[in-house]
Amino acid sequence: MKIRDKIILYFTTTVICLSAFSLTFVYFLFAEYREEQFQQQQKDKINYTIKQLSKYKEMSENLAHIMDEQSIHDFFDEKMMVFDDDKNLIFSSIDDLEIKQYKTLLAESSSQRKWIETTEDKYDLIAVYLQYKGKKYYAISKAYDAFGYSKIDFLRSVLIGIFLFISVIITLVSLYLSNKISKPLRLLSEKLRQFDLGDDTITQLEFETSSFELNLLTNRFNELITRSNENFIFQKHTTHHISHQLKTPISILVSELERIKNHTTIEAIQPQIESQIIKAKSLGNIISVLLQISKVESGKKIKKQRIRIDELLFDIIEELRIIYPKFNFEVNYHPSTVEEEQLIIQANEMLIRQAFMNLMVNCITYNDGNTAEIKLDSATVNQLQISFSNSGKTIAVAEEKYLFKHFFRGENSRSKSGFGLGLVLTKKIIALNAGSITYHAPTPELNVFEVQFSLS
């Protein structure tokens, strides 16, 4: 069932049932009040009659006529019977109305049970015990409350009309409220159909609503869809990542094998083969990097260990020198004297190695010369900053915000090979190891990538 229909059903049913209960309660409460009020009037008339009987000691037929004439307008239809202390009838109104239960009521009346009330058909019937001027009396009154019942009939008609009116109004209000409440949810559903995970241009959901819960739901959904979209994009382009990240080590391996081919003796070939075995293992490490990232994307934690950054960088430089023998990386420290602990971070070595490899290959690819600088800055307490600088055409200011997006390639990438995926993977690796990466161009011909890690 739709939420809109549930709101209509639950709200309408609840309010209508409460209205029916309330109006029914009012009706029965008024009916009870009518009965109590009318019985009190009967009692008052009994008191009046007894006073008159006490006043006139001689009881005659004329007395009954006189008392009936005095009270003929009190009740529509009435029968009254008064008895003395011995329960002998001393007065009976001249009405033809019969009191069928008078003997039973008279027998039950006593000084201990002074009030008995019941009904016969629609007639109210009471039996009372009372004393007047030292004498004891028993009285029974049966009367029809024509005026009271007419008011109840009118009240019943009014309450039924009110109930029908409330039902109609509640139904209309529930329709309006359900449409108003469910409108943002319908808009959410419609906008969800427009979402295509893996689309870099995906936009945030925006609703015009004053509901805190819906605003919170929208914000949480936007956060979820952003993270899901990032992960989906990464998974979607896994093949491109693999081909891009394996390109450099495979090129190194092929280059070495071609060089080995030129050797003619087993003694010269064997050490070279052993070297290539090491390189092949390095290739396996890169595959492991991609698998590690896939594990993280699925919610698993990565293993971290202590890594000395400068030693790792020197290892990567040696690997790159095989395929780029003419390119040189200059490693500098700031300050010049650095303690060992200031160069050690807690991270996953395979992932960090691949991230630095990407940045250093970028330095080679987008360099106008044959030199790049790597600067290790530990001047800030509990922080290590690694800068990768190379001369060459810089990224336009307008393009910087897209630098770490999938498949983005700036104007300085023209005629350069690549897929525009290396920096995406690099940023993800550094973020997984609690670091950050930024880009800036301090001069028109200098590209600088800065990576920061906390040493705490």
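It should be noted that the structure appears before, not after, this text.
In this report, we go over the structure that sits alongside the text. The numbers attached to residues start from 1 for each chain and follow its sequence in the written order. Two thresholds apply to this predicted model, a pLDDT of at least 70 for residue-level local features and 80 or more for giving and counting side-chain atom pairs, whereas whole-chain, interface and lining totals are computed over all residues. Each side-chain value is worked out from all heavy atoms of the structure, with water and hydrogens disregarded.

## Remarks on a nonpolar patch on the surface
Argument step 1. There is a patch of nonpolar side chains on the surface, built from Phe 11, Phe 165, Val 168, Ile 169, Leu 172, Val 173, Tyr 176, Leu 177 and Ile 181 and spanning about 810 Å² of accessible area.
Argument step 2. Secondary structure is summarised from DSSP: a helix means a run of H or I of at least four residues, a strand means a run of E of at least two, and numbering begins at the N terminus for each. Ranked by residues supplied to the nonpolar patch, first place goes to helix α4 (residues 146-194) with eight residues.
Argument step 3. Within the fold, Leu 172 resides in helix α4. Patches here: salt-bridge-free residues with over 30% relative accessible area, like charges joined within 9 Å, nonpolar side chains (Val, Leu, Ile, Met, Phe, Trp, Tyr) joined within 5 Å. The protein chains shown are the only cover counted for residues, whose accessible areas, like all others here, come from Shrake-Rupley with a 1.4 Å probe. Any carboxyl oxygen of Asp or Glu that lies within 4 Å of a side-chain nitrogen of Lys or Arg is treated as forming a salt bridge with it.

## Comments concerning the nonpolar core
Argument step 1. Throughout this description, the term nonpolar core refers to a set of buried Ala, Val, Leu, Ile, Met, Phe, Trp, Tyr and Cys residues connected via side-chain atoms within 4.5 Å. Accessibility here uses a 1.4 Å probe with only protein chains present; expressed as a share of the type maximum, an area under 20% marks a residue as buried, one over 50% as exposed, and anything in between as partly exposed. Counting residues in hydrophobic clusters, the biggest one holds 43 residues, and the most contacted among them are Leu 313, Phe 329, Phe 356, Met 360, Ile 374, Ile 386 and Phe 388.
Argument step 2. In this analysis, two residues are considered to be in contact whenever any of their non-hydrogen atoms come within 4.5 Å of each other. Apart from the residues lying within four places of it in its own chain, the contact partners of Phe 329 are Ile 317, Leu 320, Met 360, Cys 363, Ile 364, Ala 372 and Ile 374.
Argument step 3. Listed in part, the twelve residues of the second largest apolar core include Ile 46, Met 80, Phe 91 and Ile 126.

## Observations regarding the sheet that holds strand β12 (residues 446-454)
Argument step 1. Whether two strands pair depends on DSSP finding at least two bridges between them. If you walk across this open sheet you meet the five strands as β7-β9-β10-β12-β11, and the pairing is mixed. Two strands bound the open sheet, and with one partner strand each, they are β7 (328-334) and β11 (435-443). Direction aside, neighbouring strands of the sheet carry axes that sit 20° apart on average.
Argument step 2. As paired elements, strand β10 (residues 383-391) and β12 share nine bridges and run antiparallel to each other. Bridging across to β12, Phe 388 finds its partner in Phe 449.
Argument step 3. Only the contacting stretch of a helix is used when fitting its axis, a line to C-alpha atoms as for every element, and angles between N-to-C directions run 0 to 180 degrees. In the packing of helix α8 (residues 309-323) onto the sheet, contacts are made with β7, β9 (371-377) and β10, and the angle to β7 comes to roughly 170°.

## Points about the packing of α8 against helix α9 (residues 349-365)
Argument step 1. Running from N to C, α8 and α9 point in directions that differ by 55°, and their axes come no closer than 10 Å. With respect to their mutual orientation, α8 and α9 come out oblique. Handedness of the crossing formed by α8 with α9: right-handed. Between α8, through Ile 309, Leu 312, Leu 313, Asp 315, Ile 316, Ile 317, Glu 319 and Leu 320, and α9, the contact on the second element is made entirely by Glu 349, Ile 352, Arg 353, Phe 356, Met 357, Met 360, Val 361 and Ile 364.
Argument step 2. The nonpolar class holds Ala, Val, Leu, Ile, Met, Phe, Trp, Tyr, Cys and Pro. Asp, Glu, Lys and Arg form the charged class, and all remaining residues, Gly among them, are polar. Considering only residue class, the contact of α8 with α9 consists of twelve nonpolar, no polar and four charged. Oblique is the label for any angle not covered by the other classes, which are roughly parallel (under 35 degrees), roughly antiparallel (over 145) and roughly perpendicular (65 to 115). Each crossing gets its handedness from the near helix: less than a right angle anticlockwise from the far helix is left-handed, clockwise is right-handed.

## Some details on the pattern of salt bridges
Argument step 1. Counted by the stated rule, this structure contains 14 salt bridges.
Argument step 2. Ionic pairing is found between Arg 353 and Asp 315, a salt bridge with its closest N-O pair at 3.9 Å. In this pair, Arg 353 is assigned in helix α9 and Asp 315 in helix α8, connecting sequence segments 38 residues apart.
Argument step 3. Given the relative accessible area of 19%, Arg 353 is considered buried.
Argument step 4. A network of salt bridges, in which partner residues are shared, links Arg 308, Asp 310, Glu 311 and Glu 340.

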